[in-house]
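# Fold and geometry: a report
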Amino acid sequence: MSAIRRKFGEDYQVVNTDRGMTFSAPVKKKRQRFVEKNGRCNVQHGNLGGETSRYISDLFTTLVDLKWRWNLLIFILTYTVAWLVMASMWWVIAYIRGDLSHGGHDSSYTPCVANVYNFPSAFLFFIETEATIGYGYRYITEKCPEGIILFLFQSLLGSIVDAFLIGCMFIKMSQPKKRAETLMFSQDAVVSQRDGKLCLMFRVGNLRNSHMVSAQIRCKLIKSRQTPEGEFLPLDQCELDVGFGTGADQLFLVSPLTICHEINTKSPFFDLSQRSLMNEQFEIVVILEGIVETTGVYLLINRMINTKWQRMQLISISNCS
């Protein structure tokens, strides 16, 4: 027993040679992930203080990052409020000039806007001009300079609002998030022998016929650690070499590929045994980036994979004394 401990340390398993007995792997407790399996990061920003105003300064990106329900709500509210405000301004001009009192019955009177004699008609006039429908029943006359100025302001404001909101919706719809659903990753990564070397391996495949242009894959090991100076680094990120020096990280993803990380002296897994690997608290995040061939949009995918041992070797010491 002491010889076994000196040779294998504490990383040995005591098994029974009886065929009726089976080995059960230790059950790992479920914990909160830093990155979910679908690539969503469980990060919430807090204690920002007065820095929340920076989101307003970059309003366009803030709107693009919002969920669809909030985008649609802002889209509807912005147009509704703009329409009501502009229609109210046309109604105010008609009220000040006295167009509402004539009611469109006096043929000798020239109003600012023909056939606008209440708020609904002012609202319809604004919608016709803003949407360039132009039925021809309601129109601005030449004896209303304030109406002409308001019409120019309305055209400029409408162009700005359309460019901002429609551009935001277009960018959000063109994001290739759903393209990531057809890129498959292994549920688990395995540690096994390949070409006489111990390697960490997982697979990635593309379900579509369209290619990923300039596809490149990277791996990050996320693990908390303490420096020799005593500084604690929570969620420290370490790069896993998946062929950066040899060009193996550049993928021609037309068929499923096996990504391999060699566990050598430079690997952060070099000092880990099978048991310590099962008990260690870390995450492996796989980052696949490239350009979608059909749309030319840059795609970035994050996935988290589990780590398991393949062909685990058990040491029987039942006959040792």
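The residue numbering used here restarts from 1 in each chain and proceeds along that chain's sequence as written. The model is predicted, so local features are restricted to residues of pLDDT at least 70 and side-chain atom pairs to those at 80 or more, both for listing and for counting; the totals for chains, interfaces and linings are taken over all residues. Just so you know, side-chain values use all the structure's heavy atoms and leave hydrogens and water out.

## A short note on the pairing of strand 2 (residues 188-194)
Working note: regular strand, side chains alternate between the two faces of the sheet. Here, a strand pair is defined by DSSP locating no fewer than two bridges between the strands. Secondary structure is summarised from DSSP: a helix means a run of H or I of at least four residues, a strand means a run of E of at least two, and numbering begins at the N terminus for each. Examined bridge by bridge, strand 2 and strand 3 (residues 197-206) share 5 bridges and lie antiparallel to one another. Of the residues in strand 3, the one forming a bridge with arginine 194 is lysine 197. If you look at the hairpin formed by strand 2 and strand 3, you'll find 2 residues sitting between the two strands, and aspartate 195 has a positive phi there, around 55 degrees.

## Considerations on the packing of helix 4 (residues 68-97) against helix 6 (residues 119-130)
Helices that pack against each other are described as a pair by the angle of their axes relative to one another and the distance between those axes. Think of each axis as a best-fit line through the C-alpha atoms, taken over the contacting stretch in the case of a helix, with angles from 0 to 180 degrees between the N-to-C directions. Remark: helix 4 packs on helix 6, axes separated minimally by 8 Å, with the N-to-C direction vectors making an angle of 120 degrees. Judged on the interaxial angle alone, helix 6 and helix 4 are oblique. Pair helix 4 / helix 6 crosses with right-handed handedness. On helix 6, the residues that touch Ala82, Trp83, Leu84, Met86, Ala87, Ser88, Trp90 and Trp91 of helix 4 are Phe119, Ala122, Phe123, Phe125, Phe126, Ile127 and Glu130. Any residue outside Ala, Val, Leu, Ile, Met, Phe, Trp, Tyr, Cys, Pro, Asp, Glu, Lys and Arg is labelled polar, Gly included; the first ten of those are nonpolar and the last four are charged. Across the contact of helix 4 with helix 6, the residue classes break down as 13 nonpolar, 1 polar and 1 charged. For classification, angles of less than 35 degrees are called roughly parallel, those exceeding 145 degrees roughly antiparallel, those between 65 and 115 degrees roughly perpendicular, and all remaining angles oblique. When the near helix sits turned anticlockwise from the far one by under a right angle, the crossing is termed left-handed; a clockwise turn instead gives a right-handed crossing. The contact rule is simple, with two residues in contact once any of their heavy atoms fall within 4.5 Å.

## A closer look at the nonpolar core
Ranked by internal contacts, the top residues of the largest apolar core, which has 28 residues, are Ile217, Phe269 and Leu288. Sorting the residues of this core by element identifies strand 1 (183-185), strand 2, strand 3, strand 4 (212-226), strand 8 (283-292) and strand 9 (298-309) as the ones contributing at least two each. Not counting chain neighbours up to four residues away, the residues in contact with leucine 288 comprise Leu183, Phe185, Val204, Gln216, Ile217, Leu251, Leu253, Leu299, Leu300 and Ile301. Throughout this description, the term nonpolar core refers to a set of buried Ala, Val, Leu, Ile, Met, Phe, Trp, Tyr and Cys residues connected via side-chain atoms within 4.5 Å. Three exposure classes are used, based on accessible area relative to the maximum for each residue type with a 1.4 Å probe and protein chains only: buried under 20%, partly exposed in between, and exposed over 50%. By size, the runner-up hydrophobic cluster in this structure holds 11 residues, among which are Ile93, Val116, Phe126 and Leu150.

## Quick word on the pattern of salt bridges
Here a salt bridge means any side-chain nitrogen of Lys or Arg lying within 4 Å of a carboxyl oxygen belonging to Asp or Glu. Summed over the entire model, instances satisfying the criterion amount to 6 salt bridges. Residue arginine 97 is joined to glutamate 146 by a salt bridge in which the shortest nitrogen-to-oxygen separation is 3.3 Å. In this pair, arginine 97 is assigned in helix 4 and glutamate 146 in helix 7 (residues 145-173), connecting sequence segments 49 residues apart. Take arginine 97: its relative accessible area is 27%, and that puts it in the partly exposed class.

## What to know about the state of the cysteines
In this description, the term disulfide denotes a pair of cysteine sulfurs within 2.5 Å. With the rule as written, the count across this model stands at 1 disulfide. Residue pairing for cysteine 112: its cysteine sulfur links by disulfide to cysteine 144, the two sulfurs lying 1.8 Å apart. Judged by the sign of its S-S torsion, about -70 degrees, the bond between cysteine 112 and cysteine 144 is left-handed. One end of the pair, cysteine 112, is in the loop between helix 5 (99-102) and helix 6; the other, cysteine 144, is in the loop between helix 6 and helix 7, and 32 residues separate them in sequence. Cysteine 144 matches cysteine 112 in its accessibility class, with the two residues each being buried. Free of any disulfide, cysteine 260 has its nearest cysteine sulfur in cysteine 199, 3.3 Å distant.

## With respect to the environment of isoleucine 166
Tracing the backbone through its elements, the reader meets isoleucine 166 in helix 7. When its relative accessible area of 46% is taken as the criterion, isoleucine 166 is described as partly exposed. C-alpha separation for the pair isoleucine 166 and phenylalanine 75, spaced 91 residues apart in sequence, amounts to 8.7 Å. Apart from the residues lying within four places of it in its own chain, the contact partners of isoleucine 166 are Tyr79 and Val161.

## Focus on the confidence of the model for the protein chain
Looking at any residue, its pLDDT shows the predictor's confidence there, from 0 to 100. With 81% of its residues at a pLDDT of 70 or more, the protein chain shows a mean pLDDT of 77. Looking across the protein chain, the model is least confident in helix 1 (residues 2-8), with a mean pLDDT of 40, and most confident in helix 4, with 91. Taken as a whole, residues 310-321 scores under 50 in pLDDT and shows 21 contacts with residues more than four places along the chain or in a different chain.

## A look at helix 6
Taking 1.5 Å of rise per residue, 12 residues should cover 16 Å, and helix 6 covers 16 Å from first to last C-alpha, within 8% of that figure. For helix 6, the complete set of buried residues consists of Ser121, Ala122, Phe125, Phe126 and Glu128. Buried residues along helix 6 cover an arc of 165 degrees about the axis, so they all sit on one side. Just downstream of helix 6 lies threonine 132, where phi reads positive at about 50 degrees. Multiplying 1.5 Å by the helix residue count minus one yields the expected span of that helix. In this context, the arc is that of the directions from the helix axis out to the C-beta atoms.

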